[in-house]
Each structure stands twice: as structure tokens, then as C-alpha cells.
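Chain by chain, the residues:
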Amino acid sequence: MCEALVQCGKDVTVIHPRRRKADPSLQDKTIFDYYGLMENFTVKTLPYLDVYPLQRMLPSKVFTLLHNTVDAAWSVYAATVARNLNADLYLSREIVITW
């Protein structure tokens, strides 16, 4: 979708969380490498408290609460960063951000 928007003459910025990559072969891969995309749009990687490594150590209910709290906080942060870009259109697959 990003490539298509750029081909239509739009400036595109993708905002995503910095997450630990479990697969070592992906450590040096960019979002462009991973998805096989042309590097014709901007990518902003934002800090993120990655709680997934704690999933096996915490009781399910505790992890779910922690995960939802971190996701909600990151969503507000990401939405604030996006709003400061003064875009004409915002797209997201994160329901919390769009709310």
C-alpha cells in the first residue's frame, strides 16, 4: 500500500515500534528487505517497551494486563508523533491508535 501511495504522488511515512527480532537472520533486515519493498517512503522507528520476552515468565492474566497497558501507552505516543507530521491522511491497523 505504501508503494502504491507513493506512486500516486503522495509522501508516505510509516511509523512502527522498535521490537526485538526473535529470528537472528532478521537482525540486519530493514522493513524494505523484509517485505521486498522499494525504498521510496520514510520509516520512523519509535522506542517501544517490548514485553513479549516476559510472556513465558508471567501468569497469563498479568502478562495480558501488562501487554495491553504498554500497547495503549505506545499507541498514544505513536498517534502523537503522527499528529505532529501534519498529514492529510492517517492509516493504521492498530485499533487503539485510531480510536
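Look above for the structure.
Worth saying up front: this structure is predicted, and the values here are computed from it rather than measured.

1. What about the overall build of the protein chain?
Then, in step 1: For the protein chain, the count of helices and strands is 4 helices and 2 strands.
Then, in step 2: Counting from the amino terminus, helix and strand elements in the protein chain follow one another as α-β-α-β-α-α.
Then, in step 3: The principal-axis extents of the C-alpha atoms in the protein chain amount to approximately 50 × 35 × 20 Å.
Then, in step 4: A burial count over the protein chain gives 17% of its 99 residues as buried.
Then, in step 5: Pairs at least 24 apart in sequence give 59% of the contacts found in the protein chain among residues at least 6 apart.
Then, in step 6: Surface summary for the protein chain: the accessible area is close to 7,900 Å², and the carbon and sulfur share equals 57%.
Then, in step 7: Treating the 11 positive side-chain charges of the protein chain as one cloud and the 10 negative ones as another, the clouds have centres 8 Å apart.

2. Things to note about the layout of surface pockets
A probe as big as a water molecule, rolled over the atoms, marks out the empty space that is left.
Then, in step 1: Of the pockets and cavities examined, the largest pocket occupies roughly 2,000 Å³.
Then, in step 2: Around the largest pocket, the lining is made up of 47 residues, and of these Thr13, Val14, Ile15, His16 and Ile31 lie nearest the centre.
Then, in step 3: For the lining of the largest pocket, the secondary-structure elements that each account for two or more residues are α1 (2–7), β1 (13–17), α2 (31–35), β2 (42–46), α3 (60–83) and α4 (95–98).
Then, in step 4: Of the residues forming the lining of the largest pocket, the biggest block, 8 residues, is contributed by α3.

3. Observations concerning unusual backbone geometry
Most peptide bonds are trans, and most residues other than glycine sit at a negative phi.
Then, in step 1: At asparagine 86, a residue that is not glycine, the phi angle is positive and equals roughly 55°.
Then, in step 2: Along the chain, asparagine 86 falls in the loop between α3 and α4.

4. Some details on α3
Then, in step 1: With 24 residues, α3 extends 34 Å between its outermost C-alpha atoms, agreeing within 8% with the 34 Å of an ideal straight helix rising 1.5 Å per residue.
Then, in step 2: For α3, every residue scored as buried is listed here: Phe63, His67, Val70, Trp74, Ser75, Ala78, Val81 and Ala82.

Procedures and definitions
Residues numbered from 1 in each chain as written. Predicted model: local features only at pLDDT ≥ 70, side-chain atom pairs only at ≥ 80, totals over all residues. Heavy atoms only, no water. Helix = DSSP H or I, 4+ residues; strand = E, 2+ residues; numbered from the N terminus. Buried < 20%, exposed > 50% of the residue type's maximum accessible area, 1.4 Å probe, protein only. Contact = heavy atoms within 4.5 Å. Areas by Shrake-Rupley, 256 points an atom, 1.4 Å probe, with all protein chains shown as cover. Lys, Arg positive; Asp, Glu negative; His and termini not counted. Charge placed at Lys NZ, Arg CZ, Asp CG, Glu CD. 1 Å grid on protein atoms, 1.4 Å probe; cavity = no way out; pocket = protein on both sides within 12 Å on 5 of 7 lines; lining within 4 Å. Points joined across faces, edges and corners; volume = space filled by probe spheres on them. Expected span 1.5 Å × (residues − 1).

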